[in-house]
Amino acid sequence: MRESMPDLYQHFIAKDIRAYLRLAGGGRDRADLLQVMNRPVRYLSRASVCGSRIVPFEELRKFYCDKDWMQDRIDQFEWDLKMMEKMAPYAAIQYIRKKVGYEEYLREYAETKGQQPAEYLELLGELEESARPFGTAEEWFAHMAEYTEALAKQKQKKQEAGTGVRLMTMHASKGLEFDTVFIIQANEGRIPYKRAVQEQGTEEERRLFYVAMTRAKEVLKISYVTVKNGKEAKPSRFVEELHPKQKETQGGTNPSGFY
């Protein structure tokens, strides 16, 4: 690997989801409550969970004993956790997204940071798909731990001499050449990257795609997905421009997702 690969499970969104699932499983760890008690905003104060490491909901109710509107928020928080108690991780994440309001929280969070919410929502979707095969939160957590450990070991390995596949970004490939080049995930939104299009148009992204293509001396293979996170995905506009006649003859994009 030319560059280190980010760990999906170390993102704050993954940490939020884990905290919710641990709380739904009956845990009342102070750290988990602090992680999500205002995601979405419930107006719960840090002072309401100070003291012992384990914080029962009764402690929160005592802290806000003179505020009926806060009692309602605490009741709803506890009820949501109870609803998720027997759910598989995939179903629980869907509940967190829609019923709890976490998806709307991410939209608001992105706005406060001056960023597009699509990136956060896409990452949340990847987490949801990652959880699909697992029947319990414990099984999914074990998978996360194994993945993170394997990634850490991978980062520690020194690049060995000899033949092999080199993984890198398009930016990192500038000035290099290879007999065979694979450009993967050549989907709209990835290349051109949606944020780059909004900020500076498509020309810089088009040049970057050209750089990636021209790294190949003998063979160039470009692939894209047709479905991602359960939704239809389109090939990059740059890919479609490579085969302008195909769209006319086939009435759409390449169903194989491979050129």
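The structure this text deals with has already been given above.
Position numbers for residues start from 1 in each chain and track the written sequence from start to end. In keeping with the predicted nature of the model, local features appear solely for residues at pLDDT of at least 70, side-chain atom pairs appear and are counted solely at 80 or more, and the whole-chain, interface and lining totals rest on all residues. Only hydrogens and water are set aside when side-chain values are computed; all heavy atoms of the structure are taken into account.

Engineer: Can you walk me through the overall build of the protein in this structure?
Structural biologist: Counting from the N terminus, the helices are DSSP H or I runs at least four residues long and the strands are E runs at least two residues long. Helix and strand counts for the protein come out as 12 helices and 4 strands. When a residue's accessible area, from a 1.4 Å probe over protein chains only, is under 20% of the maximum for its type it is buried; when over 50% it is exposed; and in between it is partly exposed. Evaluated residue by residue, the protein yields a buried proportion of 37% over its 259 residues. Contacts are assigned to residue pairs with any non-hydrogen atoms lying within 4.5 Å of each other. Of the contacts formed within the protein by residues at least 6 apart in sequence, a portion of 65% connects residues at least 24 apart. In these tables, accessible area is a Shrake-Rupley quantity obtained with a 1.4 Å probe, and a residue counts as shielded only by the protein chains included in the view. Here the protein displays about 15900 Å² of accessible surface, and carbon together with sulfur accounts for 51% of that area.

Engineer: Explanation requested: the packing of aromatic side chains in the structure shown.
Structural biologist: Working definition: rings of Phe, Tyr and Trp (its six-membered ring) pair if their centres are within 6.5 Å, and the pair is stacked with planes under 30 degrees apart, edge-to-face with planes over 60 apart, and tilted otherwise. One pass over the structure, following the stated rule, counts 12 aromatic pairs. Consider the rings of Tyr 20 and Phe 77, whose centres lie 6.5 Å apart with planes at 75°: the pair is edge-to-face. You can see Tyr 20 sitting in helix H1 (residues 12-24) and its partner Phe 77 sitting in helix H4 (residues 68-84), a full 57 residues away along the chain. An aromatic cluster is built from Phe 12, Tyr 102, Tyr 105, Tyr 109 and Tyr 120, whose rings are joined through pairwise contacts. Cation placement over rings: the criterion is NZ of Lys or CZ of Arg within 6 Å of the ring centroid and within 35° of the ring normal. Positioned above the aromatic ring of Phe 141 is the side chain of Arg 22, whose terminal nitrogen or guanidinium carbon lies 5.9 Å from the ring centre. In this arrangement the basic side chain of Arg 42 is found over the ring face of Phe 77, its NZ or CZ atom lying 3.9 Å from the centre.

Engineer: Would you take a moment to explain the environment of Arg 53 for this structure?
Structural biologist: Tracing the backbone shows Arg 53 in the loop between helix H2 (30-36) and helix H3 (57-63). Sequence-distant contacts of Arg 53, defined by excluding residues within four places in its chain, comprise Arg 28, Asp 29 and Arg 30.

Engineer: Just checking my understanding: could you explain H1 for this structure?
Structural biologist: Residues lying three or four places apart along an α-helix face the same way, a consequence of the helix completing one turn every 3.6 residues. Expected span of a helix: the number of residues minus one, times 1.5 Å. With 13 residues, H1 extends 18 Å from end C-alpha to end C-alpha; this agrees with the ideal 18 Å at 1.5 Å per step. Along H1, 10 of the 13 residues are buried, which leaves the element largely enclosed by surrounding structure. All buried positions along H1 are accounted for by Ile 13, Ala 14, Asp 16, Ile 17, Arg 18, Ala 19, Tyr 20, Leu 21, Leu 23 and Ala 24. Where H1 ends, the next residue or the one after it, Gly 26, has phi of about 110°, a positive value.

Engineer: Would you explain the nonpolar core in this entry?
Structural biologist: Soluble, globular proteins show a tendency: their nonpolar side chains are buried together. Formed by 43 residues in total, the largest nonpolar core has its most connected members in Tyr 20, Phe 77 and Trp 140. The element that contributes the greatest number of residues to this core is H1, accounting for 8 residues. If we ignore the near neighbours within four places in the chain, the residues touching Phe 77 are Tyr 20, Leu 23, Leu 33, Val 36, Met 37, Arg 42, Leu 44 and Phe 57. Within this scheme, the nonpolar core is defined by two criteria: the residues are buried Ala, Val, Leu, Ile, Met, Phe, Trp, Tyr or Cys, and they are joined through side-chain atoms within 4.5 Å. Ranked by size, the runner-up nonpolar core spans 13 residues in total, among them Val 181, Ile 222, Phe 238 and Val 239.

Engineer: How should the environment of Ile 74 be read in this particular structure?
Structural biologist: Along the chain, Ile 74 falls in helix H4. If we ignore the near neighbours within four places in the chain, the residues touching Ile 74 are Leu 44, Phe 57, Leu 60, Arg 61 and Tyr 64.

Engineer: Just checking my understanding: could you explain a nonpolar patch on the surface for this structure?
Structural biologist: Patch membership requires over 30% relative accessible area and the absence of a salt bridge. Like charges are linked within 9 Å, and nonpolar side chains (Val, Leu, Ile, Met, Phe, Trp, Tyr) within 5 Å. By definition, a salt bridge exists where a carboxyl oxygen of Asp or Glu is found within 4 Å of a side-chain nitrogen of Lys or Arg. A surface patch of nonpolar side chains, amounting to about 350 Å² of accessible area, comprises Val 41, Tyr 43 and Trp 69. The residue Val 41 is located in the loop between H2 and H3 in this model.

Engineer: When you look at the packing of helix H5 (residues 89-100) against helix H7 (residues 117-131) in this model, what are you seeing that I'm missing?
Structural biologist: Helix packing for two helices is described by the angle between their axes and how far apart those axes are. As a packed pair, H5 and H7 sit with axes 7 Å apart at the nearest point and diverge in direction by 155°. For the element pair H5 / H7, the angle class is roughly antiparallel. Note that H5 runs across H7; the crossing there is left-handed. Counting all contacts with H5, which are made through Pro 89, Tyr 90, Ile 93, Gln 94 and Arg 97, the residues of H7 involved are Leu 121, Leu 124, Gly 125, Leu 127, Glu 128, Glu 129 and Ala 131. Axes, fitted as lines to C-alpha atoms, cover a helix only where it is in contact. Angles between the N-to-C directions of the axes lie from 0 to 180 degrees. To sort the angles, those under 35 degrees are grouped as roughly parallel, those over 145 as roughly antiparallel, those from 65 to 115 as roughly perpendicular, and the leftovers as oblique. Helix crossings get a hand from a simple test, with the near helix turned counterclockwise from the far one by less than a right angle marking a left-handed crossing and a clockwise turn marking a right-handed one.

Purely geometric stuff here, so don't read any function into it on its own.
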